[in-house]
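Spelled out from the first residue to the last, the chains are:
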Amino acid sequence: MDFLADCRTRLAFDLVANTWNPVVLWALRDGPRRHADLRRTIGGISAKVLTETVRRLESDGLVERREGAYALTPLGETLLEPIEGFGRWAAEHGDAVVAAQTRAERSA
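So, how was this worked out
- Residues numbered from 1 in each chain as written.
- Predicted model: local features only at pLDDT ≥ 70, side-chain atom pairs only at ≥ 80, totals over all residues.
- Heavy atoms only, no water.
- Helix = DSSP H or I, 4+ residues; strand = E, 2+ residues; numbered from the N terminus.
- Buried < 20%, exposed > 50% of the residue type's maximum accessible area, 1.4 Å probe, protein only.
- Contact = heavy atoms within 4.5 Å.
- Areas by Shrake-Rupley, 256 points an atom, 1.4 Å probe, with all protein chains shown as cover.
- Lys, Arg positive; Asp, Glu negative; His and termini not counted.
- Charge placed at Lys NZ, Arg CZ, Asp CG, Glu CD.
- Polar contact = N/O pair within 3.5 Å; in protein donor to acceptor, adjacent residues only side chain to side chain.
- Salt bridge = Lys/Arg side-chain N within 4 Å of Asp/Glu carboxyl O.
- Core = buried A, V, L, I, M, F, W, Y, C linked by side-chain atoms within 4.5 Å.

You'll find the chain entered in an unreviewed UniProt entry as DNA-binding transcriptional regulator, HxlR family, with Amycolatopsis tolypomycina given as the organism.

Structure below.
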């Protein structure tokens, strides 16, 4: 499969490549949350960045605003399994990546 600039696979990778997209989606997995609640749940995200992120996710059709809260759309829910898979991979292999990065920094 070719990974062209405008292919669907590249589109999918772009959705999870943004630092905050998968974090916000994962934070919404148990149901709708208001902006302030999302910010407390996530931690480390500014109000401005959270607003930008949920707007981007809304324009991608992954999140919608319902009664003053943000919620996953059915399309957004389909990304939870891949995000969970990335999390499992990170838990299993994150230490090896950090060790490789440390070795590379020392040899630079």
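### A word on the overall build of the chain
Each helix and strand in the chain was counted, giving 6 helices and 2 strands. Secondary structure of the chain in N-to-C order comes out as α-α-α-α-β-β-α-α. When its C-alpha atoms are laid out on the principal axes, the chain stretches across 55 × 35 × 25 Å. Each of the 108 residues in the chain was classed as buried or not, and the buried ones make up 26%. Summarising the internal contacts of the chain: among those between residues at least 6 apart in sequence, 46% fall at separations of at least 24. As displayed, the chain has an accessible area near 7,500 Å², and 53% of this comes from carbon and sulfur atoms. In the chain, 15 positive and 16 negative side-chain charges are present, and the distance between their average locations comes to 7 Å.

### Concerning the environment of Arg 10
Following the sequence through the fold, Arg 10 ends up in helix α1 (residues 8-17). Arg 10 sits in the partly exposed class, given a relative accessible area of 38%. Taking the C-alpha atoms as reference points, Arg 10 and Val 98, separated by 88 residues in sequence, lie 26 Å from one another.

### Examining the side chain of Thr 73
Residue placement: Thr 73 occurs in the loop between β2 (69-72) and α5 (74-77). On the basis of relative accessible area, Thr 73 is assigned to the buried category, the value being 10%. Within polar-contact distance, the side chain of Thr 73 engages the backbone oxygen of Gly 61 at 2.6 Å. Contacts of Thr 73, omitting those with residues within four sequence positions, involve Gly 61, Leu 62, Val 63 and Glu 64.

### Here we look at the pattern of salt bridges
Summed over all chains, the structure comprises 4 salt bridges. Here Asp 14 makes a salt bridge to Arg 10, at a shortest N to O gap of 3.6 Å. Residue Asp 14 and its partner Arg 10 are located together in helix α1, separated by 4 residues, close to a single helical turn. The closest approach of N and O atoms between Arg 66 and Glu 64, which form a salt bridge, is 2.7 Å.

### Digging into the nonpolar core
Residues Val 24, Leu 25, Leu 28, Leu 38, Ile 42, Leu 50 and Val 63 are the most contacted members of the largest nonpolar core, which totals 18 residues. Elements supplying a minimum of two residues to this core: α2 (21-27), α3 (35-42), α4 (47-59), β2 and α6 (80-107). With sequence-adjacent residues up to four places away left out, Ile 42 is seen in contact with Trp 20, Val 23, Val 24, Ala 27 and Leu 50.

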